[in-house]
Amino acid sequence: MKIKEVDSPKAVVVIIHGAFEHSGRYDWVVEQFNRLGYHVVYGDLPGQGENIGKKKGHIDRFQLYIDTVKDWVGHAKTYDLPIFLFGHSMGGLTAIRLVQTENVPLDGVILSSPALGLKTGPEKVLKVIAGILDKITPRLTLKTGVHSSAATRNQALVKKDDEDPLFVRKVSVRWFMEFEKSIEKANKDKKKYRDIPILMLQSGTDKLVDQDASIDWFNQLQINEKKIKVYEDLYHELLNEPEQDEVMKEIRQFIEGRIKSLTVNN
């Protein structure tokens, strides 16, 4: 767990990174949240970044991600401030599953291109036999099939990512199966999403996740306060795109609006 605090904080933001990447790629995002007056709690998920445990790119159960973020939220709770959950891609999926399955204190959820359907991944033939391999050799690793150039138009960052030793280039069969199952559950359990205000920011030129699946999930969500913003020309990693300031402005407006609403209601 990493913690970045500020003087006179107004809220706490818990950041959940996406698949294959790590928390170090969110330095700019953390700086922006700190500049706005928010504490930040974040870190590397199990099997990712520097939290590789016994095997890089492997988890036994997706629940490990949920439990990890639940601990981060638990720490955020100690500040006695409004808590906002920000999840990108698989981090967005984790945030959704956390809200659907756990009674954690949250004042708002921000989803960035959440993984509610996939466009890329292991070869189709491997998908077919993944269920068999999962029973025989769940730790067998497969190439992710994901390239940084599909995630962002920021070529300097693409080059940096290609040389980043913390990036996960292969994942286990079990990881893939758990990821797919969690996507299915997130879509099936829409009605279990608790009534927590949500802001969904979706890439309109997403080469990694199925934006239509995300938008469909959002449209079927039955809660009192929700907003979606689709950035038609931006790639998957919205906060790494040249228009990152515009995206961060949308997030700030959502958080500040929620803080104001909480203050009025209290």
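Just above, that's the structure.
Draft legend 1. Examining the overall build of the protein chain more closely. Scanning the protein chain for helices and strands turns up 8 helices and 9 strands. Since a compact globule built from 266 residues should have a radius of gyration of about 18 Å, the 18 Å found for the protein chain is in line with a globular shape. Each principal axis of the C-alpha atoms in the protein chain carries an extent, and together these give about 55 × 40 × 35 Å. Residue burial in the protein chain is summarised as follows: out of 266 residues, 56% are buried. Pairs at least 24 residues apart make up 80% of the contacts formed inside the protein chain by residues separated by at least 6 positions. In the form shown here, the protein chain has an accessible surface area of approximately 12200 Å², with 48% of it arising from carbon and sulfur atoms.

Draft legend 2. Here's a closer look at the sheet that holds strand E9 (residues 226-231). If you walk across this open sheet you meet the 7 strands as E1-E3-E2-E4-E5-E8-E9, and the pairing is mixed. In this open sheet, the two edge strands, each paired with only one partner strand, are strand E1 (2-4) and E9. Put simply, the sheet's adjacent strands are angled 15 degrees from each other on average, direction ignored. Relative to strand E3 (residues 38-42), strand E2 (residues 11-16) runs parallel, the two sharing 4 bridges. Its bridge partner lying in E3, Val13 is registered against Val40. Running at roughly 165 degrees to E2, helix H2 (residues 63-77) makes contact with E1, E2, E3 and strand E4 (83-88) of the sheet.

Draft legend 3. Local environment of the environment of Lys2. Note on placement: Lys2 falls in strand E1. Taking the C-alpha atoms as reference points, Lys2 and Glu241, separated by 239 residues in sequence, lie 24 Å from one another. Residues contacting Lys2, with those up to four places away along its chain left out, are Ser23, Gly24, Val40, Val41, Tyr42 and Gly43.

Draft legend 4. Representation of the environment of Val73. With respect to the secondary-structure elements, Val73 resides in helix H2. When the C-alpha atoms of Val73 and Val104 are compared, they prove to be 7.5 Å apart, with 31 residues separating the residues in sequence. Sequence-distant contacts of Val73, defined by excluding residues within four places in its chain, comprise Val14, Ile83, Leu85, Leu98, Val104, Pro105 and Leu106.

Draft legend 5. Structural context of the packing of helix H1 (residues 27-35) against helix H8 (residues 244-265). Contact pair H1 / H8: the axes reach a minimum separation of 11 Å and the direction vectors enclose 40 degrees. On the basis of their axis angle, the class for H1 and H8 is oblique. As for how H1 packs across H8, the hand of that crossing is right-handed. For the pair formed by H1 and H8, the contact residues are Trp28, Val29, Gln32 and Phe33 on the first element and Gln244, Asp245, Met248, Ile251 and Ile255 on the second.

Draft legend 6. Just the pairing of E2, in detail. Of all 6 residues in E2, 6 are buried; the element is thus mostly enclosed. The alternating pattern of E2 places Ala11, Val13 and Ile15 and Val12, Val14 and Ile16 on opposite faces, both of which are buried. Of the pairings in the sheet, the one linking E2 to E4 comprises 5 bridges and is parallel in character. Bridging from a neighbouring strand, Val12 pairs with Ile83 of E4.

Draft legend 7. Up close: the pattern of salt bridges. Evaluated as defined, the whole model comprises 13 salt bridges. Between Arg25 and Asp161 there is a salt bridge, with its nearest N and O atoms 2.8 Å apart. Here Asp161 lies in helix H5 (residues 155-162) and Arg25 lies in the loop between E2 and H1, a separation of 136 residues in the sequence. Overall, Arg25 belongs to the buried group, its relative accessible area being 12%. Between Arg153 and Glu241 there is a salt bridge whose closest N-O contact spans 2.7 Å. In this pair, Arg153 sits in the loop between strand E6 (141-143) and H5 while Glu241 sits in the loop between E9 and H8, placing the two residues 88 residues apart along the sequence. Residue class for Arg153 comes out partly exposed when judged on its relative accessible area of 30%. For Glu241, a relative accessible area of 1% puts it in the buried group.

Conventions we followed
- Residues numbered from 1 in each chain as written.
- Predicted model: local features only at pLDDT ≥ 70, side-chain atom pairs only at ≥ 80, totals over all residues.
- Heavy atoms only, no water.
- Helix = DSSP H or I, 4+ residues; strand = E, 2+ residues; numbered from the N terminus.
- Rg over C-alpha atoms; globule rule 2.2 N^0.38 Å.
- Buried < 20%, exposed > 50% of the residue type's maximum accessible area, 1.4 Å probe, protein only.
- Contact = heavy atoms within 4.5 Å.
- Areas by Shrake-Rupley, 256 points an atom, 1.4 Å probe, with all protein chains shown as cover.
- Pairing = 2+ DSSP bridges.
- Axes fitted to C-alpha atoms, helices over the stretch in contact; angles between N-to-C directions.
- Parallel < 35°, antiparallel > 145°, perpendicular 65-115°, else oblique.
- Left-handed = near helix turned anticlockwise from the far one by under 90°.
- Salt bridge = Lys/Arg side-chain N within 4 Å of Asp/Glu carboxyl O.

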